[in-house]
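What follows is the residue order along each chain.
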Amino acid sequence: MEECGCEHCGKEVKTKSGLKAVILVGGEGTRLRPLTYHTPKPMVPVLNLPFLEHVIRNLKEHNITEIVMAQFYLPASMREYFGDGSKLGVHLYYVMEETPMGSAGAVKNVEDFLDGTFFVLNGDIIQNRDFTAILKFHRRHHAKATVVLTPVADPTHYGVVETDKRNKVKRFLEKPKAEEVTTNMINAGTWVVEPEVLQRIPPDTKFSFERDVFPQMLADGLPFYAYPTDNYWMDTGTPENYLQLHRDLLSGKNEAYTFDTDVIKGKRCQIHPSVKFKGKVMIGDKCRIESGVKLSGPAVIGPNCRIGENTSISDSVIWHDTVIGEGVKIKSSILADNCKIGDDVKLTGTVVGDHVNIIEGIQLKKGSRVMPGEMVKSSDTASQKI
Ligand code: GTP
């Protein structure tokens, strides 16, 4: 176990709420490639803030301020950005796995930090979690573990959880076939766990809560409960969901996100008076937007971007330090940081990795994926394989 070097490391730390949270942030985020080759999923920007910042703020609202990050993939940028957590009013511990340990193995790996009931959160879910209510429910049922449930239209990609009328878990079914599905309630990626459950996880072993620990707890008849909620929930694991998350947050579908104005501008932007806005548009600090540009929401432009004359952007998310030429059309696309997009380029439904250079006049096919660092010189050359 690696220590974070802070004054609290290895010491007992009590929170106001008396409990800690472990956030699983070690995954490689393969489904979100090419965005996640150089940016780990927890650092992928959502409304111009790292994804993880939204999760930490939600914990803080419920006085959960002792937070352990279970890391494996690209850990450095998280430490650099969040440091000891003090800017967000929390204390963060970072623990590295030598190899990916799976959800339960990762929690076992941070066992030294856990001294009582604790939360485990998937680091790629946006939900307004009412941690206070979830904990109350868990304690009322004297549960050894409680899993938060959310309804989804197609449960076949998720862990389906069957319960009885009293919300006691009856069955845990990972990624069931359509004919096996008996409920649309799935594991929402938030669990409350009692410390004795850690004894069920072998040390230094890849182990899963969903596939190993929870089914074994059920088989042994332990009190295992489910807390259903229909609060806004989104798994940001794919580019489609990532764009949908931005549409939802900007359109007010998630009640925790409200905006006073339709155009949310950062500091020190230079925006030509002829620029036309439609719908909700968020612009980061120090952006320069030239004359005749049309920005149609939902759209987010990261800090330090430049957008050339007569370019139009709609339903898209652009990360920081990207320079877009003149007469460009970008629709329903995601562009990572430090890209250079030439004049008259057309992108629809495209996902572009960081540091990509697309030369002028290129039109990419819908669904194209461009690898980080790639120079796109012909409309046929954008990577389809990621
Ligand atoms: P995909 O490769 O696209 O499936 O993404 P992923 O690697 O993030 O996997 P998944 O979406 O199943 O992971 C859910 C959450 O658990 C994410 O927040 C991951 O960062 C985290 N996670 C997945 N596997 C591990 C692991 O072995 N160790 C740690 N610490 N976290 C993990």
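As a starting point, this report considers the structure included with it. (Residues numbered from 1 in each chain as written. Predicted model: local features only at pLDDT ≥ 70, side-chain atom pairs only at ≥ 80, totals over all residues. Heavy atoms only, no water.)

### Section: the overall build of the protein
Next up, step 1: Scanning the protein for helices and strands turns up six helices and 30 strands.
Next up, step 2: Computed over the C-alpha atoms, the radius of gyration of the protein is 22 Å, within 12% of the 21 Å expected from 2.2 N^0.38 for a compact globule of 386 residues.
Next up, step 3: Projected onto its principal axes, the C-alpha positions of the protein cover 65 × 55 × 40 Å.
Next up, step 4: Taking all contacts inside the protein whose residues are at least 6 apart in sequence as the whole, residues at least 24 apart take part in 49%.
Next up, step 5: For the protein, the computed accessible surface area is about 17,100 Å², with 47% contributed by carbon and sulfur atoms.
Next up, step 6: Between the centroid of the 48 positive side chains of the protein and the centroid of its 49 negative side chains there is a distance of 4 Å. (Helix = DSSP H or I, 4+ residues; strand = E, 2+ residues; numbered from the N terminus. Rg over C-alpha atoms; globule rule 2.2 N^0.38 Å. Contact = heavy atoms within 4.5 Å. Areas by Shrake-Rupley, 256 points an atom, 1.4 Å probe, with all protein chains shown as cover. Lys, Arg positive; Asp, Glu negative; His and termini not counted. Charge placed at Lys NZ, Arg CZ, Asp CG, Glu CD.)

### Observations concerning the site of the ligand
Next up, step 1: Close to the ligand lie 18 residues, the nearest being Leu24, Gly27, Thr30, Arg31 and Glu97.
Next up, step 2: At 2.8 Å, a backbone N or O of Gly102 approaches an oxygen atom of the ligand.
Next up, step 3: Between Gly123 and the ligand, the recorded distance is 2.8 Å, taken from a backbone N or O atom to an oxygen atom.
Next up, step 4: Taken by itself the ligand offers 610 Å² of open surface, and the protein chains cover 79% of this.
Next up, step 5: Its atoms largely coinciding with the cavity grid, the ligand occupies the largest pocket.
Next up, step 6: Of the residues assigned to the shell around the ligand, the class counts are six nonpolar, seven polar and five charged. (Near = heavy atom within 4 Å. Polar contact = N/O pair within 3.5 Å; in protein donor to acceptor, adjacent residues only side chain to side chain. 1 Å grid on protein atoms, 1.4 Å probe; cavity = no way out; pocket = protein on both sides within 12 Å on 5 of 7 lines; lining within 4 Å. Sits in = over half its atoms within 2 Å of the grid points. Nonpolar A, V, L, I, M, F, W, Y, C, P; charged D, E, K, R; others polar.)

### Description of the layout of surface pockets
Next up, step 1: By volume, the largest pocket amounts to about 1,200 Å³.
Next up, step 2: Surrounding the largest pocket, 38 residues form its lining, Arg31, Lys41, Asn122, Asp124 and Glu210 being those nearest its centre.
Next up, step 3: Among the secondary structure elements, those contributing two or more residues to the lining of the largest pocket are α3 (102-108), β11 (185-193), α5 (209-219) and β13 (233-235).
Next up, step 4: In terms of residue class, the lining of the largest pocket is built from 12 nonpolar, 15 polar and 11 charged.
Next up, step 5: The space that makes up the second largest pocket amounts to roughly 570 Å³.
Next up, step 6: Around the second largest pocket, the lining is made up of 27 residues, and of these Pro45, Asn48, Pro50, Pro303 and His320 lie nearest the centre.
Next up, step 7: Here the residues of the lining of the second largest pocket are counted per class, giving 13 nonpolar, nine polar and five charged.
Next up, step 8: In terms of domain composition, the lining of the second largest pocket takes at least three residues from each of domain 1 (2-236) and domain 2 (263-376). (Points joined across faces, edges and corners; volume = space filled by probe spheres on them. Domains from an automatic or database assignment.)

### Quick word on the packing of aromatic side chains
Next up, step 1: Throughout the structure, instances matching the rule amount to 12 aromatic pairs.
Next up, step 2: Ring geometry for Tyr158 and Trp233: centres 5.6 Å apart, planes at 75°, overall edge-to-face. Of the two residues, Tyr158 is situated in the loop between β8 (145-151) and β9 (159-163) and Trp233 in strand β13; the sequence distance between them amounts to 75 residues. The pair Tyr158 / Trp233 is uniform in exposure class, with both members buried.
Next up, step 3: One aromatic cluster in this structure is built from Phe172, Trp191, Phe209, Phe214 and Phe224. (Phe/Tyr/Trp six-rings, centres within 6.5 Å; stacked < 30°, edge-to-face > 60°. Buried < 20%, exposed > 50% of the residue type's maximum accessible area, 1.4 Å probe, protein only.)

### Let's talk about the sheet that holds strand β28 (residues 357-358)
Next up, step 1: Spatially, β15-β18-β20-β22-β25-β28-β30 is the arrangement adopted by the seven strands of the open sheet, whose pairing is parallel. If you trace the sheet from one side to the other, it starts and ends with β15 (270-271) and β30 (375-376), each paired once.
Next up, step 2: Two elements, strand β18 (residues 288-289) and strand β20 (residues 306-307), share two bridges in a ladder whose sense is parallel. Of the residues in β20, the one forming a bridge with Arg288 is Arg306. (Pairing = 2+ DSSP bridges.)

### What to know about a negative patch on the surface
Next up, step 1: A surface patch of negative charge is lined by Glu309, Glu326, Asp344 and Glu360.
Next up, step 2: Within the fold, Glu360 resides in the loop between β28 and β29 (369-370).
Next up, step 3: Residue Glu360 is classed as exposed on the basis of its relative accessible area of 59%. (Patch = residues over 30% accessible without salt bridge, like charges linked within 9 Å, V, L, I, M, F, W, Y side chains within 5 Å. Salt bridge = Lys/Arg side-chain N within 4 Å of Asp/Glu carboxyl O.)

### Focus on the nonpolar core
Next up, step 1: One finds Ile23, Leu52, Ile56, Phe82 and Phe119 to be the most contacted residues of the largest nonpolar core, which totals 60 residues.
Next up, step 2: When residues no more than four places from it in sequence are discounted, the contact partners of Phe82 are Met43, Pro50, Leu52, Glu53, Ile56, Met69, Leu88, Leu92 and Tyr94.
Next up, step 3: Core analysis: the next-biggest nonpolar cluster, separate from the first, contains 34 residues, Val22, Leu24, Ala70 and Val197 among them. (Core = buried A, V, L, I, M, F, W, Y, C linked by side-chain atoms within 4.5 Å.)

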